Amino acid sequence: MNYRSTLLALLLLAFTATGAKAQLEDLRIFGYAQTLGYYERQQSSFSGMLPPGVPASQVNERTSFSLQQLNVMFNKPFAERFNIFLNFQYTLGFSTQRGWGDFSVEEAWASYEHSDAFTIKAGMLLPTFNNLNEIKNRTALLPYLFRPSVYETNLSSFISFEDYLPERSFLQVNGTLPISTDLRFEYAANIGNPETSYIASKNGASTSNAAPRTSGESTVNFFSYGGRVGIRNAAETFKLGLSGTLDRDNRRDTTRLFSIGRPEIIAPLGDVERLRLGGDVSFTLGNFAFEGEYIGVFYNSARSNQLNKQFFYGNALYNITDQIYVYGGYSYFSLEGANENAIATNGVHAVSAGAGWRVNQWFVPKIQYVRIMPNFEGNANITFDYLYLGLSIIF
């Protein structure tokens, strides 16, 4: 290589390095982590005639430390109005070698902001629904460790989250419009794949009974539609909204309706039309803050009286100082029920109380007590008690 070629190669390398450095300077890498230790106590008691060898009461206890969740996010603006966002989520001390936890790409989208009144996002995103759905995985921004029931991943073995919440969208338009000097109207509309059970998986066949498809893709020819309309004030100390989705629930397998007395198994119902309606309100008044939501899930089916379900929660917080806060909350959700002794009839209640210390903007130690109470009218009484100590980190 002669000196001219060498000089040209060095110049190209210098320009490439300069461009890469400029791009890296625009790239923001940040995230949240939440680690915790907890004590769990499950107490069960039964009355009436019991089979031989079945105790009238039972207590199970366990303790554990856990890296509950880690989210690493990348944000890159382009040409002022364009933006790219990525969100990688690791849960429960994720390790492929040890078979721990899970990893998922929660969000990967590009957006174009024409104005405050119109922004469009395309890619995989968390759809706007009520107040909490878009920020449910921003654990460090939430005051509590144990989230309201249908948002809490620790209850995944007990709750089918896809019944209550839209999980993914791939196209969304949203914006805000001024109503007055202090009030803003906000809207969002989105479209995406149907619920997770319709998506082909490497772990097993989809229950949609369709021909094989590439994993991660829908196996049916319909979508999920949804959105939200609401108002908020300019200071963002008040927010009120109504949400809705229209999709179908995968009932191509038999359905077991929960009941303590005599559970019922019903034949496949097919693809059942489902409507979710939601409402949310949140406000701050001095040192006091409140947030609450309602979700109603309604089915277009002859079995709708047994399949319909609802969820609501409220959480009140008081800032004792700028750094220390306390809070209390209540939530309720119903499941699918067969008769008057079903979980669905009486619901599953949860109460919680806790506190946090904002050491600075990056570290927040938290403590929380939670009691979960399925309200059986039959011969069973079960309670779950949790005591959490955790640390939320922003980096």
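Source: prediction; values computed, not measured.

Conventions used here
Residues numbered from 1 in each chain as written. Predicted model: local features only at pLDDT ≥ 70, side-chain atom pairs only at ≥ 80, totals over all residues. Heavy atoms only, no water. Salt bridge = Lys/Arg side-chain N within 4 Å of Asp/Glu carboxyl O. Buried < 20%, exposed > 50% of the residue type's maximum accessible area, 1.4 Å probe, protein only. Helix = DSSP H or I, 4+ residues; strand = E, 2+ residues; numbered from the N terminus. Phe/Tyr/Trp six-rings, centres within 6.5 Å; stacked < 30°, edge-to-face > 60°. Lys NZ or Arg CZ within 6 Å of the ring centre and 35° of its normal. Patch = residues over 30% accessible without salt bridge, like charges linked within 9 Å, V, L, I, M, F, W, Y side chains within 5 Å. Areas by Shrake-Rupley, 256 points an atom, 1.4 Å probe, with all protein chains shown as cover. Core = buried A, V, L, I, M, F, W, Y, C linked by side-chain atoms within 4.5 Å. Contact = heavy atoms within 4.5 Å. Pairing = 2+ DSSP bridges.

Asks: Would you explain the pattern of salt bridges in this entry?
Replies: Proximity of charged atoms lets side chains of opposite charge pair with each other. Summed over all chains, the structure comprises 23 salt bridges. For the salt bridge of Glu-236 with Arg-232, the shortest nitrogen-to-oxygen distance reads 3.4 Å. Note on Glu-236: relative accessible area 56%, which makes it exposed. For Arg-232, a relative accessible area of 16% corresponds to the buried category. Residues Arg-274 and Asp-247 are paired through a salt bridge, measuring 2.9 Å at the closest nitrogen-oxygen approach. You can see Arg-274 sitting in strand β12 (residues 270–285) and its partner Asp-247 sitting in strand β9 (residues 238–251), a full 27 residues away along the chain. Pair check on accessibility: Arg-274 and Asp-247 agree, each one buried. Here the salt bridges do not stand alone but share partners, grouping Asp-163, Glu-195, Asp-247, Asp-249, Arg-251, Arg-274, Arg-276, Lys-309 and Glu-336 into one network.

Asks: Honestly, the packing of aromatic side chains in this entry has me stumped. Any pointers?
Replies: For any pair of aromatic rings, geometry is given as the distance between the ring centres together with the angle between the planes. For the structure shown, the criterion picks out 21 aromatic pairs. A ring pair is formed by Tyr-144 and Tyr-327, whose centres lie 6.3 Å apart and whose planes are at 70°; its orientation type is edge-to-face. Residue Tyr-144 is found in the loop between β5 (118–125) and α2 (161–164), and its partner Tyr-327 is found in strand β15 (residues 324–333); the two are separated by 183 residues along the sequence. Tyr-144 sits in the buried class, given a relative accessible area of 3%. Looking at Lys-76, its charged tip hangs above the ring of Phe-78, at a distance of 4.1 Å from the centre. Taking NZ or CZ as reference, Arg-98 lies 5.2 Å from the ring centre of Trp-100, over its face.

Asks: Would you mind showing me how to read a nonpolar patch on the surface here?
Replies: A surface patch of nonpolar side chains, about 830 Å² in accessible area, is lined by Phe-223, Tyr-225, Leu-246, Leu-275, Leu-277, Tyr-294, Phe-298, Phe-312, Tyr-330 and Val-351. For the nonpolar patch, the secondary-structure elements that each account for two or more residues are β12 and β13 (288–299). For Leu-277, the position within the fold is in strand β12. The class for Leu-277 is partly exposed, based on a relative accessible area of 39%.

Asks: Please explain the nonpolar core as it appears in this structure.
Replies: Membership of the largest hydrophobic core comes to 40 residues, with the highest contact counts inside it found for Val-150, Tyr-164, Ile-295, Phe-311, Phe-333, Ile-372 and Tyr-388. Secondary structure elements with two or more residues in this core: β1 (28–46), α2, β13, β14 (309–319), β15, β16 (348–357), β17 (363–374) and β18 (380–394). If you look at the next biggest cluster of nonpolar residues, it comprises 7 residues, including Tyr-32, Phe-85, Trp-109 and Leu-125.

Asks: Please clarify how unusual backbone geometry should be interpreted in this entry.
Replies: Phi is mostly negative for residues that are not glycine, and the peptide bonds are mostly trans. We note that Leu-92 has phi near 50°; this positive angle belongs to a residue other than glycine. Among the structural elements, Leu-92 can be located in strand β3 (residues 82–95). Judged by its relative accessible area of 44%, Leu-92 falls in the partly exposed class. In this structure, Asn-130 is a non-glycine residue whose phi angle is positive, near 55°. Of note, Asn-130 is situated in the loop between β5 and α2. Asn-130 gets classed as buried once you look at its relative accessible area, which sits at 3%.

Asks: What should I look at first to understand the environment of Leu-177 in this one?
Replies: Tracing the backbone through its elements, the reader meets Leu-177 in strand β6 (residues 169–178). According to the relative accessible area criterion, Leu-177 is partly exposed, its value standing at 38%. Those residues in contact with Leu-177, other than ones at most four positions away along the chain, are Ala-117, Arg-184 and Phe-185.

Asks: I would appreciate a short explanation of the pairing of strand β8 (residues 224–233) in the present structure.
Replies: Regular strands place side chains that alternate from one sheet face to the opposite one. Of all 10 residues in β8, 7 are buried; the element is thus mostly enclosed. As judged from the 10 bridges shared by strand β7 (residues 183–192) and β8, these two strands associate in the antiparallel manner. Bridged to Gly-192 within β8 is Ser-224. Relative to β9, β8 runs antiparallel, the two sharing 8 bridges. Residue pairing for β9: Gly-226 is matched across the bridge by Thr-245. The hairpin formed by β8 and β9 contains 4 residues between the paired strands, and Glu-236 there has a positive phi angle of roughly 55°.

Asks: Can you walk me through the pairing of β13 in this structure?
Replies: By the bridge criterion, 12 bridges tie β12 to β13 in an arrangement that is antiparallel. Paired with Leu-277 across the two strands is Gly-296, which belongs to β13. The pairing of β13 with β14 spans 10 bridges and is classified as antiparallel. Looking at β14, one finds that Glu-291 is bridged to Asn-315.

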